[in-house]
Amino acid sequence: AFHGVGTDSRQNLHTKLFIPLKGDVFDAHDFVDKAIAQGASVVLVHQWRDTWKVHQTRVSFVQVDDTLRGLQRSEEHT
């Protein structure tokens, strides 16, 4: 379960869905570990990295084709 949505791994993400967005300069998938350390309980990703396996017992991962589109759809349902 999650309560709210966040896209910035520098923010408090306690019990939130973290959606890493990919831009021209940064890919927030590089900050998934930090987002989990900030309390994210669910992470929406468009690519899987084996280094995240260590988090699977306490964090849920949902893989989609496009995280930006996933964010836009989550906003449609709030």
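Parameters and conventions
Residues numbered from 1 in each chain as written. Predicted model: local features only at pLDDT ≥ 70, side-chain atom pairs only at ≥ 80, totals over all residues. Heavy atoms only, no water. Buried < 20%, exposed > 50% of the residue type's maximum accessible area, 1.4 Å probe, protein only. Helix = DSSP H or I, 4+ residues; strand = E, 2+ residues; numbered from the N terminus. Pairing = 2+ DSSP bridges. Right-handed = clockwise from strand over helix to strand, strands pointing away. Core = buried A, V, L, I, M, F, W, Y, C linked by side-chain atoms within 4.5 Å. Contact = heavy atoms within 4.5 Å. Salt bridge = Lys/Arg side-chain N within 4 Å of Asp/Glu carboxyl O. Phe/Tyr/Trp six-rings, centres within 6.5 Å; stacked < 30°, edge-to-face > 60°.

Because side chains alternate across strand β3 (residues 42-45), one face comprises the buried residues Val42 and Leu44, and the other comprises Val43 and Val45, equally buried. Sheet analysis places strand β2 (residues 17-18) next to β3, joined by two bridges and oriented parallel. By the bridge assignment, phenylalanine 18 is partnered in β3 with valine 43. In the classification by handedness, the crossover that spans β2, the intervening helix α1 (residues 32-37) and the parallel β3 is right-handed. In terms of strand pairing, β3 meets strand β4 (residues 60-63) through four bridges, oriented parallel.

Right, let's talk about the nonpolar core for a bit. In this structure, Leu13, Phe18, Ala28, Val32, Ala35, Ile36, Ala40, Val43, Val45, Trp52, Val59 and Phe61 together form the largest nonpolar core, which totals twelve residues. Contributing elements (two or more residues each) for this core: α1 and β3. Considering each element in turn, this core owes the most residues, three residues, to α1. Formed by five residues, the second largest nonpolar core is a distinct cluster that contains Ile19, Val42, Leu44 and Leu71.

All right, on to the environment of histidine 3 then. Examined against the element boundaries, histidine 3 turns out to sit in the segment before β1 (5-6). Take histidine 3: its relative accessible area is 59%, and that puts it in the exposed class. Through-space distance from the C-alpha of histidine 3 to that of lysine 16 is 5.1 Å; in sequence the pair is 13 residues apart. Discounting chain neighbours no more than four positions away, the residues touching histidine 3 are Thr15 and Lys16.

Following the criterion strictly, the structure yields three salt bridges and no others. Residue aspartate 8 is joined to arginine 10 by a salt bridge in which the shortest nitrogen-to-oxygen separation is 2.9 Å. Overall, the relative accessible area of 62% leaves arginine 10 in the exposed class. The partner of arginine 49 in a salt bridge is aspartate 30, and the shortest N-O contact between them spans 2.9 Å. In this pair, arginine 49 is assigned in the loop between β3 and β4 and aspartate 30 in the loop between β2 and α1, connecting sequence segments 19 residues apart. Residue classification places arginine 49 among the partly exposed positions, given a relative accessible area of 25%.

Turning to the packing of aromatic side chains, a few remarks are in order. Between two aromatic rings, the relevant description is the distance of the centres plus the angle of the planes. Evaluation of the coordinates by the stated rule reveals three aromatic pairs. Geometrically, the ring pair formed by tryptophan 48 and tryptophan 52 is edge-to-face, given 5.6 Å between the ring centres and 85° between the ring planes. Ring geometry for tryptophan 52 and phenylalanine 61: centres 5.8 Å apart, planes at 10°, overall stacked. For the pair formed by tryptophan 52 and phenylalanine 61, the shared burial category is buried.

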